[in-house]
Amino acid sequence: AHIDLRPSENEEIIEEETVIAQRKPETDEELEFRIGQYWFAKLGIFVFLVGWLIANTLHFEELNQVIPVVLGILTAFAAITASIIFRNRFPHLSGWVLGSGFVILYIAALRMHFFSLSPLFSDIVPVLILLYLISFVVIYIGIRLESAYLTSLGISLALLSCLFGDYSYLIFLTITV
């Protein structure tokens, strides 16, 4: 069973230098820090996004319909800019902020035709073009940053865009692309 071969000197050195990394148990403070740094921040972004979506889809009779769209675009560009600025400082959150900025921009574009009795564009074609443009920008940035989450968000937005129009060929074109 054993042929009594001795390892060479190099193998002995490698065996001595190989150290199994043991993970020390996590303290309560480290766990609290990790939860606060990762999960509460993501939860805050999600709550902000849902609150903004609810507020921007409400019907405001006394306001000009341009104001919610402009506020949405400004909020989206602020989130996208903040994501780019803080990418090195908070790399785990910048992707979430970037994705939420694009979702806000998408909803602001939807606001141009929907969510109002007097829309900015009565024809949906310019809005669909804008929605597809936003979707393809998200896909491009997701591929460029090698982010599966941003890429899948962009694909989801593109597929969602084809459901808003009565143009069935857009569904096939979107699936093909």
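Every value quoted in this text rests on a predicted model; they were computed, and no experiment measured them.

## Comments concerning the overall build of the protein chain
Step number 1: When helices and strands are counted, the protein chain shows seven helices and zero strands.
Step number 2: If you list the helices and strands of the protein chain from N to C, you get α-α-α-α-α-α-α.
Step number 3: Burial statistics for the protein chain: of 177 residues in total, 30% are counted as buried.
Step number 4: Long-range contacts, defined as pairs at least 24 residues apart, comprise 64% of the intrachain contacts of the protein chain with a sequence gap of at least 6.
Step number 5: Carbon and sulfur atoms provide 66% of the accessible area of the protein chain, an area that totals close to 12,600 Å².

## A short note on the side chain of histidine 113
Step number 1: You can see histidine 113 is positioned in the loop between α4 (91–110) and α5 (125–144).
Step number 2: On the basis of relative accessible area, histidine 113 is assigned to the buried category, the value being 17%.
Step number 3: From its side chain, histidine 113 meets the backbone oxygen of phenylalanine 121 in a polar contact 2.7 Å long.
Step number 4: Dropping the residues within four chain positions of it, histidine 113 is found in contact with Pro119, Phe121, Ser122, Asp123, Ile124 and Val127.

## Focus on the environment of isoleucine 129
Step number 1: By secondary structure assignment, the location of isoleucine 129 is in helix α5.
Step number 2: Residues isoleucine 129 and serine 161, spaced 32 residues apart in sequence, show a C-alpha to C-alpha distance of 9.2 Å.

## Observations concerning the environment of alanine 108
Step number 1: Tracing the backbone shows alanine 108 in helix α4.
Step number 2: Taking the C-alpha atoms as reference points, alanine 108 and leucine 131, 23 residues apart in sequence, are found 9.7 Å from one another.
Step number 3: Excluding its chain neighbours within four sequence positions, the residues that come into contact with alanine 108 are Trp52, Asn56, Val69, Gly72 and Ile73.

## So, α4
Step number 1: Across its 20 residues, α4 extends 29 Å between first and last C-alpha, which sits within 8% of the 28 Å expected from 1.5 Å per residue.
Step number 2: Of all 20 residues in α4, 15 are buried; the element is thus mostly enclosed.

## Looking at the packing of α5 against helix α6 (residues 148–164)
Step number 1: At a minimum axis separation of 7 Å, α5 and α6 run at an interaxial angle of 165°. Our classification of the angle between α5 and α6 gives roughly antiparallel. In the crossing of α5 with α6, the sense of the turn from one axis to the other is left-handed. Every residue of α6 that contacts α5 at Leu128, Leu131, Tyr132, Ser135, Val138, Ile139, Ile141, Gly142 and Ile143 is listed here: Leu150, Thr151, Leu153, Gly154, Ile155, Leu157, Ala158, Ser161, Cys162 and Phe164.
Step number 2: For the contact of α5 with α6, the per-class residue count stands at 14 nonpolar, five polar and no charged.

## Description of a nonpolar patch on the surface
Step number 1: On the surface, Leu31, Ile35, Trp39, Phe40, Leu43, Phe46, Val47, Val50, Ile54 and Leu58 cluster together to form a nonpolar patch covering roughly 980 Å² of accessible area.
Step number 2: Here isoleucine 54 shows up in helix α2 (residues 28–57).

## Concerning the nonpolar core
Step number 1: Residues Phe102, Tyr106, Ile107, Leu131 and Ile134 are the most contacted members of the largest nonpolar core, which totals 27 residues.
Step number 2: Secondary structure elements with two or more residues in this core: α2, α3 (66–85), α4, α5 and α6.

## Details of the packing of aromatic side chains
A ring pair, where both rings are aromatic, is described by two values, the distance of the centres and the angle of the planes.
Step number 1: Across all of its chains, the model carries three aromatic pairs by this definition.
Step number 2: Seen from their ring centres, phenylalanine 114 and phenylalanine 164 are 5.5 Å apart, and the 45° between their planes marks the pair as tilted. Here phenylalanine 114 is found in the loop between α4 and α5, whereas its partner phenylalanine 164 is found in helix α6, with 50 residues between them in sequence.
Step number 3: What makes phenylalanine 114 partly exposed here is its relative accessible area of 25%.

Conventions adopted
Residues numbered from 1 in each chain as written. Predicted model: local features only at pLDDT ≥ 70, side-chain atom pairs only at ≥ 80, totals over all residues. Heavy atoms only, no water. Helix = DSSP H or I, 4+ residues; strand = E, 2+ residues; numbered from the N terminus. Buried < 20%, exposed > 50% of the residue type's maximum accessible area, 1.4 Å probe, protein only. Contact = heavy atoms within 4.5 Å. Areas by Shrake-Rupley, 256 points an atom, 1.4 Å probe, with all protein chains shown as cover. Polar contact = N/O pair within 3.5 Å; in protein donor to acceptor, adjacent residues only side chain to side chain. Expected span 1.5 Å × (residues − 1). Axes fitted to C-alpha atoms, helices over the stretch in contact; angles between N-to-C directions. Parallel < 35°, antiparallel > 145°, perpendicular 65-115°, else oblique. Left-handed = near helix turned anticlockwise from the far one by under 90°. Nonpolar A, V, L, I, M, F, W, Y, C, P; charged D, E, K, R; others polar. Patch = residues over 30% accessible without salt bridge, like charges linked within 9 Å, V, L, I, M, F, W, Y side chains within 5 Å. Salt bridge = Lys/Arg side-chain N within 4 Å of Asp/Glu carboxyl O. Core = buried A, V, L, I, M, F, W, Y, C linked by side-chain atoms within 4.5 Å. Phe/Tyr/Trp six-rings, centres within 6.5 Å; stacked < 30°, edge-to-face > 60°.

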